[in-house]
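Residue-level listing of the chains:
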Amino acid sequence: REILVTAALKLSRIALTVLGRLEMRDAEFILAKSGGVFGRSNLLDSRVDTVLAEAAPHARIVKLAVAPAVGAAQLAKRLAKTRENLRSDEPRNRS
């Protein structure tokens, strides 16, 4: 139990450091938890959620739904499609 609580506090401290540097503690945003440590211990998950919610009350804290690599690939695919659409909307060169 002590190990899990300590781990939760250390993980929370890392996230809070990033939020502080980005000046996001009062912002509304989604804070996605990812990694193998989450979803395995209710104690750790709830402690992290509590600490983060107290420090960033407007954040919506969620567990990442897909692996980061999958999310990155999906984003790249959407960006490529958007870029294609922008190109097809450009006026054609009439020479």
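Note: the structure precedes this text.
It should be emphasised that the depicted structure is a prediction, and the values quoted were computed from it without experimental measurement. (Residues numbered from 1 in each chain as written. Predicted model: local features only at pLDDT ≥ 70, side-chain atom pairs only at ≥ 80, totals over all residues. Heavy atoms only, no water.)

## Re the overall build of the protein
Looking only at helices and strands, one finds three helices and two strands in the protein. Taken from N to C terminus, the helices and strands of the protein fall in the order α-β-α-β-α. Taken over the C-alpha trace, the protein has a radius of gyration of 19 Å; the compact-globule value for 95 residues is 12 Å, which it surpasses by more than 25%. Referenced to the eigenvectors of the C-alpha coordinate spread, the extents of the protein come out at roughly 75 × 30 × 15 Å. Per-residue burial over the protein gives 20% buried out of 95 residues. By sequence separation, contacts in the protein at least 24 residues apart represent 73% of the contacts at least 6 residues apart. Of the roughly 7,500 Å² of accessible surface on the protein, 54% is carried by carbon and sulfur atoms. (Helix = DSSP H or I, 4+ residues; strand = E, 2+ residues; numbered from the N terminus. Rg over C-alpha atoms; globule rule 2.2 N^0.38 Å. Buried < 20%, exposed > 50% of the residue type's maximum accessible area, 1.4 Å probe, protein only. Contact = heavy atoms within 4.5 Å. Areas by Shrake-Rupley, 256 points an atom, 1.4 Å probe, with all protein chains shown as cover.)

## As for the packing of helix 1 (residues 2-21) against helix 2 (residues 42-55)
In contact at an axis separation of 9 Å, helix 1 and helix 2 are set at 35° when each is read in the N-to-C sense. The element helix 1 and its partner helix 2 pack so that their crossing is right-handed. Contact residues: Leu4, Val5, Ala7, Ala8, Leu9, Leu11, Ser12, Ala15 and Leu16 in helix 1; Leu43, Leu44, Arg47, Val48, Val51, Leu52 and Ala55 in helix 2. (Axes fitted to C-alpha atoms, helices over the stretch in contact; angles between N-to-C directions. Left-handed = near helix turned anticlockwise from the far one by under 90°.)

## Quick notes on the side chain of Lys33
Counting through the fold element by element, Lys33 comes out in strand 1 (residues 29-33). With residues near it in sequence (within four places) discarded, Lys33 still touches Phe38, Asp45, Val48, Asp49, Ile61, Val62, Lys63 and Leu64.

## Brief notes about the pairing of strand 2 (residues 59-63)
Pairing of strand 1 with strand 2, which is carried by five bridges, proceeds in the parallel orientation. In the strand pairing of strand 2, Lys33 is matched with Lys63. Between the parallel pair strand 1 and strand 2, the chain is carried across by helix 2, and the sense of this crossover is right-handed. (Pairing = 2+ DSSP bridges. Right-handed = clockwise from strand over helix to strand, strands pointing away.)

## Things to note about the nonpolar core
In terms of nonpolar packing, the biggest core is built from 13 residues, with Leu16, Leu19, Phe29 and Val48 touching the most fellow members. Counting residues per element, the ones that place at least two in this core are helix 1, strand 1 and helix 2. Among the elements that line this core, the one with the most residues is helix 2, at five residues. Those residues in contact with Phe29, other than ones at most four positions away along the chain, are Leu19, Met24, Ala56, His58, Ala59 and Arg60. (Core = buried A, V, L, I, M, F, W, Y, C linked by side-chain atoms within 4.5 Å.)

## Here we look at the environment of Leu52
Note on placement: Leu52 falls in helix 2. Between the C-alpha atoms of Leu52 and Glu2, which are 50 residues apart in sequence, the distance is 19 Å.

Worth remembering: the numbers are spatial, not functional.
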